[in-house]
Amino acid sequence: MTESEAIEAIQFDLKIGGEIHSQVLRDAVGVAIQALEKHIAKKPMRIERSAMGWEYKDYYCPCGKFIGAEPHIKSILEKGGIPVKYCDDCGQRLDFKEG
C-alpha cells in the first residue's frame, strides 16, 4: 500500500461512518495523515529572478523554503545527484525528476 492509498483508505473509512471515539485518537489520525502526505514527493516551485545580467529560476519547497539557485541545482542534477531529498523546514519529500 502506498502513502496515497493509505490516506485515501483512512479518509474513506471516516467518511462512511468509521468511528473514532476520542479526540486524542482523532488528532492522532490527523497527524498520521499529515505525516503520510509529507512522504509523497512534490515538485519544487521554480520562481524566476535575474541577477548580474543572468535570468534563471530559483527552486523552493512548496512550503516556501528556498532550496537553491538554478545553476547550482542543475549542476547537481547533471551529475546524476539529488540536490535535496527533503525540505529542512517542513520535511516534505521533493521530486526533481523532469517531466
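Now for a description of the structure that goes with this document. (Residues numbered from 1 in each chain as written. Predicted model: local features only at pLDDT ≥ 70, side-chain atom pairs only at ≥ 80, totals over all residues. Heavy atoms only, no water.)

Taken as a whole, this structure holds 2 aromatic pairs when the rule is applied. When the centroid spacing of 5.8 Å and the interplanar angle of 45° are considered together, the rings of Y59 and F96 count as tilted. Linking Y59 in strand β2 (residues 54-60) with F96 in the segment after α3 (70-78), this pair joins segments that are 37 residues apart in sequence. With respect to burial, Y59 and F96 carry one shared label: buried. For the pair Y60 and F66, a centre-to-centre distance of 5.4 Å together with 70° between the ring planes defines the contact as edge-to-face. (Phe/Tyr/Trp six-rings, centres within 6.5 Å; stacked < 30°, edge-to-face > 60°. Helix = DSSP H or I, 4+ residues; strand = E, 2+ residues; numbered from the N terminus. Buried < 20%, exposed > 50% of the residue type's maximum accessible area, 1.4 Å probe, protein only.)

In this section: the pairing of β2. Across 3 bridges, the pairing between β2 and strand β3 (residues 66-69) is antiparallel. Residue D58 lies in a different strand from β3, and its bridge partner there is A69. Counting the residues in the hairpin turn of β2 and β3 gives 5 residues, including G64, whose phi is positive at 105°. (Pairing = 2+ DSSP bridges.)

Helical geometry: 3.6 residues make up each α-helical turn, so side chains three or four residues apart lie on a common side. With 13 residues, helix α1 (residues 3-15) should reach 18 Å at 1.5 Å per residue; the first-to-last C-alpha distance of 18 Å fits that figure. Positive backbone phi, approximately 115°, marks G17, located one or two places after α1. (Expected span 1.5 Å × (residues − 1).)

Counting residues in hydrophobic clusters, the biggest one holds 7 residues: Y59, C61, I67, I73, C87, L94 and F96. When sequence neighbours within four positions are dropped, the list of residues in contact with L94 reads A41, K42, C61, P62, I67, V84, K85, Y86 and C87. (Core = buried A, V, L, I, M, F, W, Y, C linked by side-chain atoms within 4.5 Å. Contact = heavy atoms within 4.5 Å.)

Attention now goes to the environment of V84. Along the polypeptide, V84 turns up in the segment after α3. Given a relative accessible area of 22%, V84 falls into the partly exposed group. C-alpha separation for the pair V84 and R49, spaced 35 residues apart in sequence, amounts to 21 Å. If we ignore the near neighbours within four places in the chain, the residues touching V84 are I67, L94 and F96.

Once that is clear, we can look at the environment of L77. Locating L77 in the fold gives a position in helix α3. When its relative accessible area of 27% is taken as the criterion, L77 is described as partly exposed. In sequence terms L77 and E8 are 69 residues apart; their C-alpha atoms lie 33 Å from each other. L77 has contacts with P83 and F96, leaving out every residue within four places of it along the chain.

Residue position: E70 is located in helix α3. Overall, E70 belongs to the buried group, its relative accessible area being 14%. If sequence neighbours within four positions are ignored, E70 has contacts with R46, Y56, K57, D58 and Y59.

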